[in-house]
Structures are given as structure tokens and as C-alpha cells.
Amino acid sequence: MRFWGCSVMPSSQGCNHLKSSRSFAGYLAELHLRYGDEAADVRHELFYLAAGRAPFIAGLRALGALLRDAWLLMRRSEQTLPAGGHRRAILIATLPGVSGWGTLERSLASLAAAAYEPVILAHPRLAAEIFPDHLRIARPARPGSTAMLAAMGVFGRTLSKGWPLILACCLARRHLWRGSLGRTLRDTEGVLLLHNDFDLMSRAALGHGLPSICLQHGVPTDEFFPVQADWYLIWGGSSREAFHSEQLPPNRLVEDALGRQVAGALLHEPPQGLSLLSQTHAQILGPDIAPALRDFARELLALDPHLRILLHPLERDPYDGGAAHAIRRPPHSELQAGACQPRMVLGYCSTAMLDAAAAGHWVVGLGLPLEGNDAARSVLSPPLRVESAAQAVELCHRLQRDSAFREASAAAQSRWLSSSFSTETGGLVRLLHRVGRLSPEFTQ
């Protein structure tokens, strides 16, 4: 969905670029203004298809994605959702890993406690092997001729207006998914559980008369908003405040960390070195996240040659020179309790900051000069913060030498971590019981 520095405004020359604000929120507002609600509804796809690419390449990628989705959805599948089933939970799985199925999997114990039958509605590209053998797996239905014609129609109309190919492709894909999920969910009952409510398949599952609960899969970056699901299951108090700041009513928020780790023993030992959480791939944080982190890493490495740069699993080789020799590839011992001595772990807007704190390390926030994602940064705002490499080294030295400061900082970090993950259990179970008492004709 990112079109930094290009213009997608229609013009007499048939311009096919997009000029955007440097924040995601500003870009979303621009989409609404230029192209309307439907374009804003595919913001996620537009952003990531166009990220850092020339408009022509982005358009070709979008066309390839359209053809791929049409092929995936038109393949006949015998794995359909059974009819009926008021106390059934339909788990919409569009991604593997902790941001996808890994988040939904955390709900299984709550579903059993609430006497709900779980059924996985899996994206066609996901292999059945990533899911537990004992759970039923269904696949999206074929879109049908009406949806196919609607998709072709919106594709042609969008291009005829002189709007970009990437937008035409994403809007056509939206119609395909809406047609598919409409047929899939037409004769079933139950509640939808989602790990996000903004990608194409997840968004297409909403609005068909079934109540929906979205499970928080990560810190709420700008792509989370506006929220579409009926209820949002959040990690804890800091996430509640973040969602409140985005105008989500309190009655739509339910706290339940679903077994995520909370604060352990209070830190006592001083840090034995510096580690930097890298996330140069995270384009949702803005176009300058990669150069900002590279600059900071280079400056910090000049002051501490033993620095460890912890790569995200999606990063390949984002650093060169001396920094390339300082990288560590996952899994990282800093994110596993007891795997290494306490270190000072620096990060900007990464959920790994919470993992590092829970694993017993000193966590420090970076004050990088980047716009947007205020809600996410409020969740990931530890008590200790720095704005330069020199400040980071100075802070590390103080934690090593000043026992009173170290004790106060440890207590503050423990309170921060506790506010991140609720100790309240059973939030999802209680919500499911409420939903179970709703009429099957529930509408959003």
C-alpha cells in the first residue's frame, strides 16, 4: 500500500503514480479523498504491492496477484463449511506464523472452554500441514459467475477513468474475494475469529451476518485502523489505551492475553552488552525506517564494536560494511528466557521489545525521527529511551555502575511489561458466551 513519492492522481495525461503523505494514516486519508471507500478498503494490498517499486513494476505485480487469486479461488474444493452450527467458531486463517495461524491457535483452549466447535477456513495458498490434524479445515468457495463479471467490470471501469493498473487489480481482487466468502458463509452460523480484519480474505469474511472477533496479533500499527470487526481481543491495558486513541468504543474491546508471557522476576544484573532489534523491512513504519536504523547501527557500532544487530526473520542482508559482520540471524537468545546474560536491547517499534523484556533483558526505546504509528509506539514505549548512539552507550554504562538507578529502572520496566499483557484470563470465553446468546440472525 505504499506509494511514497509518486503520484497516482488521475490527470489528463492518465497518470499512474500515487503521491502520498509520508505517514500511513495520511496516505489512507488521501486514498479516501482521491478514490473513495472501495480504494481505502484495499489499502493493505496497495501499500505492500507498491512499496519501494516503480509504478510499472507495482502494476505488473498487482496483475500477477489478481491472476493468482482468480486461479486459486476458481479451483474446485470439496472442503466446504458445514451448514448450521450456531456454537461454531470459524477461524479465518490467511497467514502462517505468529501473525496468522499462530495467533488463532492461542484461542483453541478458550473455544473448548466455551463449548465452541473450531473450524478453520484457510486461505487456498496455505498448506493443510500447518494446522493440527484433529481440526476440520475448509476452503473458500468458488466466486461464481456474478462475482467474476463484477470483478471484470470494476477492472475495466477503473482503467477507463485513467486510474492506475495497481488500483484496478486490487479492486477486482476485492470483488472476487467478496463473492467467494459470500458463498462460503451463506448457509452457516457461528462466530468468526480473525487474526486481522484488513487483508482481502479477512475483510471479505465480514458483513455476512456473522459476529466477528479479531484477535490482536501484534502492536497496532496504522494499518489496523479503522477497525472493522465487531469486537477486538486485546493484549492488555496499554493496547486498550492505544485502541481508545483511535476512537474505538470501550464496549468493543476485551482484554485477554491468551497465555502470552507477562513480567517475570525483577531484573537485578546489569547489562553485559548491547543488542539492536532490526526491522528495515517494516515499510508500515515509513520509508525512512531502513536508513534510520542503518545510520543508528553504524554510529552505535563505532562506539561499541561488540554490538549485536538482531535481524527480523523477513530481513535478508540489509547491512553492509562493518555492520554486516555484527548481524545475528534468528532465533535470537535475547528473546528466550535464560538463554544468555542480561543485555540492553534497543528497538524502535518491534513486538520483540516485549519478548526481550519478558526474557529478562533491559529494553530501551529508540527515538527515531519518523512519522505515524502513534498507537503502536505508545504500546512499545518502555521507561528507558534514547535518541542517539552516544546516549545508548551512556545509558548502558549507567545501568552497569549505578545500582540505585538500575533498581528503579528495573521496577519501571516491570510495570511497563505488566501493563502490556493482562493477567485477566477468560476474557475470550466470556465474550464467546455472550455471542452464543445472540440471535443467529445477528448482523453487523
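Residues numbered from 1 in each chain as written. Predicted model: local features only at pLDDT ≥ 70, side-chain atom pairs only at ≥ 80, totals over all residues. Heavy atoms only, no water.

(A) View of the overall build of the chain. Of regular secondary structure, the chain possesses 17 helices and 13 strands. For a compact globule of 444 residues, the expected C-alpha radius of gyration is about 22 Å, and the chain comes in at 23 Å, within 12% of that figure. Referenced to the eigenvectors of the C-alpha coordinate spread, the extents of the chain come out at roughly 70 × 60 × 40 Å. Split into buried and exposed, the 444 residues of the chain put 55% on the buried side. A sequence separation of at least 24 residues applies to 64% of the contacts in the chain between residues at least 6 apart. Looking at the chain as shown, the accessible area adds up to about 18,900 Å², and 52% of this sits on carbon and sulfur atoms. Mean positive and mean negative side-chain charge positions of the chain (44 and 40 charges, respectively) differ by 5 Å. (Helix = DSSP H or I, 4+ residues; strand = E, 2+ residues; numbered from the N terminus. Rg over C-alpha atoms; globule rule 2.2 N^0.38 Å. Buried < 20%, exposed > 50% of the residue type's maximum accessible area, 1.4 Å probe, protein only. Contact = heavy atoms within 4.5 Å. Areas by Shrake-Rupley, 256 points an atom, 1.4 Å probe, with all protein chains shown as cover. Lys, Arg positive; Asp, Glu negative; His and termini not counted. Charge placed at Lys NZ, Arg CZ, Asp CG, Glu CD.)

(B) Quick look at the nonpolar core. Of all hydrophobic cores here, the largest spans 112 residues; its most connected members are Met-344 and Leu-346. For this core, the leading source of residues is helix H8 (residues 165–185), giving 10 residues. If we skip the residues at most four places from it in the chain, Met-344 touches Pro-271, Gly-273, Leu-274, Ser-275, Trp-362, Val-364, Ala-392, Leu-395, Cys-396 and Leu-399. (Core = buried A, V, L, I, M, F, W, Y, C linked by side-chain atoms within 4.5 Å.)

(C) Seen up close, the side chain of Gln-216. In this fold, Gln-216 is placed in the loop between strand S5 (212–215) and strand S6 (231–234). Ignoring any residue separated from it by four or fewer positions in sequence, one finds Gln-216 in contact with Thr-103, Tyr-232, Leu-233, Ile-234, Trp-235, Ser-239, Phe-243 and Arg-260.

(D) Region of interest: a nonpolar patch on the surface. A contiguous nonpolar patch, built from Phe-56, Ile-57 and Leu-60 and spanning about 310 Å² of accessible area, is present on the exposed surface. Relative to the elements of secondary structure, Phe-56 occurs in helix H4 (residues 55–74). (Patch = residues over 30% accessible without salt bridge, like charges linked within 9 Å, V, L, I, M, F, W, Y side chains within 5 Å. Salt bridge = Lys/Arg side-chain N within 4 Å of Asp/Glu carboxyl O.)

(E) Local environment of the sheet that holds S6. The seven strands lie next to each other as S3-S2-S1-S4-S5-S6-S7, forming an open sheet whose pairing is parallel. The open sheet has two edge strands with one neighbour each: strand S3 (136–138) and strand S7 (253–255). Neighbour-to-neighbour, the strand axes of this sheet turn through a mean angle of 25°, independent of strand direction. Sheet topology places strand S1 (residues 88–93) next to strand S4 (residues 191–194); four bridges connect them, and they run parallel. Across the sheet, Leu-91 pairs through a bridge with Leu-193, a residue of S4. In the packing of helix H10 (residues 237–245) onto the sheet, the strands contacted are S6 and S7, and the crossing angle to S7 comes to about 170°. Running over the sheet, helix H17 (residues 427–436) touches S4, S5, S6 and S7 and is turned about 165° from S6. (Pairing = 2+ DSSP bridges. Axes fitted to C-alpha atoms, helices over the stretch in contact; angles between N-to-C directions.)

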